[in-house]
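The residues making up each chain are set out below.
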Amino acid sequence: MSENEADILLVEDNPGDVRLTRGAFKDGKIANTLHVTEDGVEALDFCYQRNEFADARCPDLILLDLNLPRKDGEEVLEELKADSDLRHIPVIVLTSSDSHEDMVKSYDLHANAYLTKPVNPVKFIETIQTLERFWLSLVRLPECDRQ
Amino acid sequence: MAHWRRLGSIIGGRRIIGALGALYVIFAVLRVFIGFNIGEPVSSIFIIILLIAVPGFVLIYGAYWLSRGDINTEFHADIAGWCLVGFGTMAGLLILFHLQPEGGISEPLTGIPILTALSSVAGLGIGIYDGRAKSRTRQLKRRANQQDAVAELGQIALETDDLDDLMYEAARKVADALDNDYCKVLDLDPENEELLLRQGVGWKEGITGEATVSSVEAASQAAYTLANNHPIIVEDLETETRFSGPELLTSHDVHSGISTIIGPFNEPWGILGTHDTVRKEFTEEDVNFVQSVANILAEAIEQAEKEQQLRERQAQLDVATEAASIGIWTWDIQEDVVTADEYLAELYGMDPVTVTEGASIEVFYDQVHEDEAEETKSKIKRAVEDTGELKAEYRLKDGASTWVEIRGEVEYDGGEPIRMHGAVANITERKEREQRLEELIGQLKESNERLEKFAYAASHDLQEPLRMVSSYLQLIDSRYDLDEEGEEFLEFAVDGADRMRSMIDGLLQYSRVETQGDPLEPVDLECILDDVRDNLQVTIEENSATIDTAPLPRVQGDPDQLRQVFQNLLDNAIEYSDDQPTVHVTAERNGTDWIVSIEDDGIGINPEEQEQIFEVFQRGQSRSDGDGTGIGLALCERIIERHGGDIWVESEPGEGSTFSFTLPSSGRQ
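Within every chain, residues take consecutive numbers counted from 1 along the sequence as written. Chain letters start at A and ligand numbers start at 1, both assigned in the order the entries are written. Predicted model: local features are reported for residues with pLDDT of at least 70 only, side-chain atom pairs are reported and counted for 80 or more only, and whole-chain, interface and lining totals are derived from all residues. Only hydrogens and water are removed before side-chain values are computed, so all heavy atoms of the structure are retained for them.

Another aspect to go through is helix α3 (residues 42-68) of chain B. Residues and elements named next belong to chain B. Helix and strand definitions here come from DSSP, where helices need a minimum of 4 consecutive H or I residues and strands a minimum of 2 consecutive E residues; each element is numbered from the N-terminal end. By this rule the span expected of a helix is its residue count minus one, scaled by 1.5 Å. Compared with the 39 Å implied by 1.5 Å per residue over 27 residues, the 38 Å span of α3 between its first and last C-alpha is a close match. Partly exposed describes any residue whose relative accessible area lies between the buried limit of under 20% and the exposed limit of over 50%, with all areas from a 1.4 Å probe on protein chains only and scaled to the type maximum. Listing the buried residues of α3 in full gives Ile45, Ile48, Ile52, Ala53, Pro55, Gly56, Leu59, Gly62, Ala63 and Leu66. The inward-facing, buried residues of α3 contact α2 (13-38), α4 (76-99) and α5 (108-159). Two residues form a contact once any of their heavy atoms are found within 4.5 Å.

With that settled, consider empty space enclosed by the protein. Over the atoms rolls a probe the size of a water molecule, and its path tells where empty space is left. All names here are of chain B. In the cavity and pocket records, a cavity denotes points on a 1 Å grid over the protein atoms alone where a 1.4 Å probe fits but cannot get out, a pocket denotes an open set with protein on both sides within 12 Å along at least 5 of 7 lines, and lining residues are residues with an atom within 4 Å of a point. Grid points are joined across faces, edges and corners, and a volume is the space filled by probe spheres set on the points. The final tally for this structure, using the stated rule, is three cavities of 30 Å³ or more. Space inside the largest cavity adds up to approximately 200 Å³. If you go around the largest cavity, you meet 16 residues; those closest to its centre are Ile361, Phe364, Ile380, Tyr394 and Ile406. Looking at the lining of the largest cavity, the elements that each hand over two or more residues are β7 (326-332), α10 (342-348), α12 (361-365), α13 (370-387), β9 (389-395) and β11 (416-426). When residues in the lining of the largest cavity are grouped by element, the largest group, three residues, is from α12. Taken together, the residues of the lining of the largest cavity sort by class into 15 nonpolar, one polar and no charged. Three classes are used: nonpolar for Ala, Val, Leu, Ile, Met, Phe, Trp, Tyr, Cys and Pro, charged for Asp, Glu, Lys and Arg, and polar for all others, with Gly counted as polar.

Next up on the list: the sheet that holds β7 of chain B. Residues and elements named next belong to chain B. Strand pairing is defined by DSSP finding a minimum of two bridges between the two strands. Across the sheet, five strands lie side by side as β8-β7-β11-β10-β9; this open sheet has antiparallel pairing. The outermost strands of the open sheet, each flanked by one partner alone, are β8 (337-340) and β9. On average, adjacent strands in this sheet sit at an angle of 20 degrees to one another, irrespective of strand direction. Here helix α14 (residues 428-479) sits on the sheet and contacts β9, β10 (403-413) and β11; the angle it forms with β10, its principal contact strand, is near 120 degrees. The angle between two axes is taken between their N-to-C directions and runs from 0 to 180 degrees, where each axis is a line fitted to C-alpha atoms and a helix contributes only its stretch in contact.

Residue and element names in this part refer to chain A. Where helix α2 (residues 40-48) meets helix α3 (residues 73-82), the axes come as close as 9 Å, and the angle between the chain directions of the two elements is 20 degrees. The angle between α2 and α3 falls in the class roughly parallel. The element α2 and its partner α3 pack so that their crossing is right-handed. Within the contact between the two elements, α2 uses Gly40, Ala43, Leu44, Cys47 and Tyr48 and α3 uses Val76, Glu79 and Leu80. For the contact of α2 with α3, the per-class residue count stands at six nonpolar, one polar and one charged. Should an angle fall under 35 degrees it is called roughly parallel, over 145 degrees roughly antiparallel, and 65 to 115 degrees roughly perpendicular, with every other angle called oblique. Handedness of a crossing follows from how the near helix is turned relative to the far one, being left-handed for an anticlockwise turn of less than a right angle and right-handed for a clockwise one.

Regular strands have side chains that alternate between both faces of the sheet. Residue and element names in this part refer to chain B. Burial along β8 is one-sided: Val338 and Ala340 are buried, and none of Val337 and Thr339, which face the opposite way, are. Bridging between β7 and β8 involves four bridges; their strand directions are antiparallel. Residue pairing across strands places aspartate 332 opposite valine 337, the latter belonging to β8. Hairpin connection, β7 to β8: the antiparallel pair is bridged by four residues, and aspartate 336 has positive phi, about 50 degrees.

Residues and elements named next belong to chain A. Spatially, five strands are ordered β2-β1-β3-β4-β5 in an open sheet, and the strand pairing comes out parallel. What marks the edges here is a single partner per strand, and that holds for β2 (32-37) and β5 (113-116). Sheet twist, expressed as the mean angle between neighbouring strand axes with direction ignored, is 20 degrees. Pairing between strand β1 (residues 6-11) and strand β3 (residues 61-64): four bridges, direction parallel. Its bridge partner lying in β3, isoleucine 8 is registered against leucine 61. Packing of helix α1 (residues 15-26) onto the sheet brings it into contact with β1, β2 and β3, and relative to β2 it is tilted by some 170 degrees.

As a further point, take a positive patch on the surface. Where like charges cluster on the molecular surface, the positive patch consists of Arg19, Arg22 and Lys26 of chain A together with Arg479 of chain B. In terms of residue count, α1 of chain A provides more of the positive patch than any other element does, three residues in total. Structurally, the position occupied by lysine 26 of chain A is in helix α1. A relative accessible area of 70% means that lysine 26 of chain A is categorised as exposed. Patch membership requires more than 30% relative accessible area and the absence of a salt bridge. Residues of like charge join within 9 Å; the nonpolar side chains Val, Leu, Ile, Met, Phe, Trp and Tyr join within 5 Å. Areas reported here follow the Shrake-Rupley algorithm with a probe of radius 1.4 Å; residue values treat only the protein chains shown as occluding. Throughout this description, the term salt bridge denotes a Lys or Arg side-chain nitrogen within 4 Å of a carboxyl oxygen of Asp or Glu. Under the counting rule used here, the positive set is Lys and Arg, the negative set is Asp and Glu, and His together with the chain ends is not counted. Lys charges are placed at NZ, Arg charges at CZ, Asp charges at CG and Glu charges at CD.

Let us now look at the nonpolar core. All names here are of chain B. With 37 residues, the main nonpolar core has Leu525, Phe566, Leu570 and Phe661 as its most contacted residues. For this core, the secondary structure elements donating two or more residues are α17 (525-535), α19 (559-575), β15 (582-590), β16 (593-599), α20 (632-642), β17 (647-652) and β18 (656-664). Counting residues per element, this core draws most heavily on α19, at seven residues. Look past the residues within four positions of phenylalanine 566 in its chain and what remains in contact with it is Leu525, Ile528, Leu529, Val532, Val585, Val596, Ile598 and Phe661. We define the nonpolar core as a collection of buried residues of types Ala, Val, Leu, Ile, Met, Phe, Trp, Tyr and Cys that are connected through side-chain atoms lying within 4.5 Å of one another. The next biggest cluster of nonpolar side chains, apart from the first, holds 30 residues, and it includes Trp331, Leu347, Ala373 and Val384.

This is the structure:
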């Protein structure tokens, strides 16, 4: 974590959810920067620091929606976990799907957690803040190699 | 001798002998009477009586004996001849002796009768001996003739296939052998109770094949024979009392004859009869002879009938195989020769001569399409070596458009395969139909899967924007201070979003009944109902409902889905009822199925709505609280259908409703 500030990548195409998540992190206890990409291709570009994200920093935590344009969440998860440089980054699947198969599939692809977005916005914000507390303050994470 | 015989045959041999004997007896009586008158001694009278009367009696007895003896009547004249020769010779010798110069019979009235009587008896003895010998020769000859006739007829029966020809020959030979004028073969027609003169000899021109005789007992000799099941002999029709002489016989001046049955007694074919115009005796041998000929005819007739049946069956088979597009084949496995009929040749597009005369099985293998050739060969091999039965389908090499099915059976002899025979049918049309059907089923399956995928994807993707609507409506509600009207509007929006969510959930479940269901397993419905009761505890308490359950069976089912069915139906039963409803759950056996019924005393369903309620988004009578998505019953129907059952409702508005569904029994209780 450079400069004691956490870099979080949110991969989400739904502006309503981006708005809610951003709000939740803004009110959070830990200093952080929330980067947002709207599809799977951009998310991978960000992680590999390609194209417009050449200057991007390696994220400390990735929040990944499954249902994404161009390249869906499962494919992104698969590629990240197949890469030895990136597989240590915790990936939290955050989706509106409560399907049992989606959940099983995500863990098969080595997701670090699977969460269903609560319908109630208050609960949604609480969920994000719980995530933040756990992954950014409680858990110890390794430094990104690419810094 | 010939002279005497002629005399004998005119007057009658026995009469001559009897008359001669009577003359001697009368002479003896006169001689005794005279002797007493002239005072001859008793001893000489006794000797005279002994030597004249006794030979006389012997001659009379001889005449009588001949009528009962085994000598043919024909030879009676000869015997009489011998008798007269004996008499004449002695008489001649005595006359010669008497006329010679030195001689002279001292008592010609005593000596001549004594000597001629004795010589007549000697003549009778020689005659009887001679007659016997001749009779025996005649009999032997006759029997030999009969045997020849039987043998010849047997041969003809084997050679000819013309029954009428054989019958005519038989009639001719019987008449000849028995020296009769007539012989006839009568064909029985049981329906019309008459016998037709089928063939015969001796009868008037033009009646063969036309004349009939009644087959009713007592009306004719033939009918009497049929009724008595054994050969019947008539010596003289004029004195016959057992039956009357039919017109056919009387018009031909028939007096005697033999009738025998042709064919088995229980199912006679007809009568073989032979007759003569004179009174005649027949021996047992004669009867046996006629019966032997009748038996030859019976066998030939049976054989001909069998052949006729075989020809008819063959003709029927030909028609049937042609109509059914079936080719028949036989494979001599030992010699490797396959013979088949013309239809098979036509089907296979082969030379009919090759096919009907036979060829190696390889020639026929060559006609099989290469894609199925190996499989067909191995199936035939397996049939020959193992199963004994063949069934295979393959295309022919004619551009692969003709499909045939072959079936066959192997014949074994002591475990060794000898022959295989069977049929080949053209099944192209059936195959095409099957293929079209399979394509259609495939298309339907695909279309069904696409629909399910669509329903799933649609409902899945709808959830995301809906969640946005709900979330931000709640945010507006919590963060902004709205006036009373604003609050009211917001409430409608939230309620709409909530209902839409339930509908989407329902649709998701509905679309996943087939694809996401668990395999069917034995399920105890009692346990299912207990779970559902727990789930509905709040609803039950709020409505003070009573659920009354009869013992429930084990069925074959998907527990989660059955739970869903019970939950939806019980929930509906409580929801669509007034306060404190009572719901009855019962089960009854119906063959291998169970019928489960859930009966409420609620508001009921209008008859016109009863069909629709199982359709998606169709809701029963709306209630003020407007709850329900209209998908519960559709989901129930789909689940029951997946279990191979039916669901239906019986309802009387205002009285209540009974929902019933069938489930397969689990096979054990």
